[in-house]
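What the coordinates show
Here is how the chains run, residue by residue.
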Amino acid sequence: EVQLVESGGGLVQPGRSLTLSCVASGFTFSNCGMNWIRQAPGKGLEWVAYISSGSSYIYYAETVKGRFTISRDNAKNTLYLQMTSLRSEDTALYYCARADPMGSSRNWFAYWGQGTLVTVSS
Amino acid sequence: IQLTQSPSLLSASVGDRVTLSCKGSQNINNYLAWYQQKLGETPKLLIYNTNSLQTGIPSRFSGSGSGTDYTLTISSLQPEDVATYFCYQYNNGWTFGGGTKLELK
């Protein structure tokens, strides 16, 4: 069974940093691209970042480019999102999601974690 | 690519045929998916590549479209279909539509 478990969310002041983690199981993590997607309270979905299986290809939404860094450790089956210079508008539930099909950047998301809540407030 | 979903709110009765629309600002080349999100739950993939039904999704859900215009159809609305539906394009970058909230009349 595919499982994605996010952690690392919490309350953080504007301008500060936070790192999210997503531990994967139930599939060969090193073969799959991964994504971060967020959802502000009561709002829609926003794709945030993508990383290919071997970290060769990385893409960001314009809203987070230069502030967020996606990375992965295939030996630990873990995906990361390092967030810096946080703003109130970054407040959201952050999901990690597996990219399908494997090997394509034109991907949809069949498997999602339950999300970790990031609240940016003073 | 921007995605515009319509209507933003839809009220329908059990058994109704329901159609949700998603329009792109550019050609999406059929790289379009649909998600269902019930209150307090994680989004669930319904359809990918415009009309491919995800495993385990009831056959009353179907997708169609081409170019910039795409549709999700529920052939016979069931009470458990009450949710917000998002379209999502992956032809050029990755963007979601704003959602259509589907409620029972």
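The structure contained in this document is the topic of the report that follows. Everything numeric here is computed off the predicted structure, so don't read it as measured data.

Residues and elements named next belong to chain A. This structure, assessed with the given rule, holds eight salt bridges over all chains. Between Arg-67 and Asp-90 there is a salt bridge, and its shortest N-O distance comes to 2.7 Å. With a gap of 23 residues between them, Arg-67 in the loop between strand S6 (58–60) and strand S7 (68–73) and Asp-90 in the loop between strand S8 (78–83) and strand S9 (92–98) connect regions that are remote in the sequence. Accessibility classification places Arg-67 together with Asp-90 in one group, the buried group.

Let us now look at the sheet that holds S8(A). All names here are of chain A. Taken together, the four strands give an open sheet; going across it, the order is S1-S3-S8-S7, and neighbouring strands pair in antiparallel fashion. Of all the strands in the sheet, just strand S1 (3–7) and S7 have a single pairing partner and so form its edges. Looking at each pair of strands side by side, their axes are set apart by 15° on average, direction ignored. Bridging between S7 and S8 involves six bridges; their strand directions are antiparallel. Among the inter-strand pairings, Arg-72 is bridged to a residue of S8, identified as Leu-79.

Attention shifts here to the pairing of S8(A). All names here are of chain A. For strand S3 (residues 18–25) and S8, the ladder comprises six bridges, and the chain directions are antiparallel. Bridge pairing in S8 links Val-23 to Thr-78. Between S7 and S8, which pair antiparallel and follow one another directly, the connecting turn spans four residues, one of which, Asn-77, has a positive phi of 50°.

With that settled, consider the state of the cysteines. Joining two cysteines, a disulfide is a covalent bond between their sulfur atoms. For the structure on display, the rule yields two disulfides over all chains. Note on cysteine connectivity: A:Cys22 is disulfide-linked to A:Cys96, with sulfurs 2.0 Å apart. Taking the sign of the S-S torsion, about 50° here, the bridge from A:Cys22 to A:Cys96 comes out right-handed. Taken together, the positions of A:Cys22 in strand S3 and A:Cys96 in strand S9 put the pair 74 residues apart, joining distant regions of the chain. A relative accessible area of 0% places A:Cys22 in the buried class. In this model B:Cys22 forms its disulfide with B:Cys87; the gap between the sulfur atoms is 2.1 Å. Sign of the S-S torsion, about 75° for the bond between B:Cys22 and B:Cys87, identifies this disulfide as right-handed. In this pair, B:Cys22 is assigned in strand S3 (residues 18–24) and B:Cys87 in strand S9 (residues 83–89), connecting sequence segments 65 residues apart. Here the two residues B:Cys22 and B:Cys87 agree in accessibility, since each one is buried. The thiol of A:Cys32 is unpaired, and the distance to the nearest cysteine sulfur, on A:Cys22, comes to 12 Å.

Residue and element names in this part refer to chain B. The buried count for strand S5 (residues 44–48) comes to four of five residues, which makes it a mostly enclosed element. Adjacent in sequence and paired antiparallel, strand S4 (residues 32–37) and S5 are bridged by six residues, among which Gly-40 carries a positive phi angle near 80°. Direction of pairing for S5 relative to strand S6 (residues 52–53): antiparallel, over a ladder of two bridges. Following the sheet pairing, Tyr-48 is matched in S6 by Ser-52. Taken together, S5 and the strand that follows it, S6, pair antiparallel across an intervening segment of three residues, in which Asn-49 is found at a positive phi of about 50°.

The rules behind the values
- Residues numbered from 1 in each chain as written.
- Chains lettered and ligands numbered in written order.
- Predicted model: local features only at pLDDT ≥ 70, side-chain atom pairs only at ≥ 80, totals over all residues.
- Heavy atoms only, no water.
- Salt bridge = Lys/Arg side-chain N within 4 Å of Asp/Glu carboxyl O.
- Helix = DSSP H or I, 4+ residues; strand = E, 2+ residues; numbered from the N terminus.
- Buried < 20%, exposed > 50% of the residue type's maximum accessible area, 1.4 Å probe, protein only.
- Pairing = 2+ DSSP bridges.
- Axes fitted to C-alpha atoms, helices over the stretch in contact; angles between N-to-C directions.
- Disulfide = S-S within 2.5 Å.

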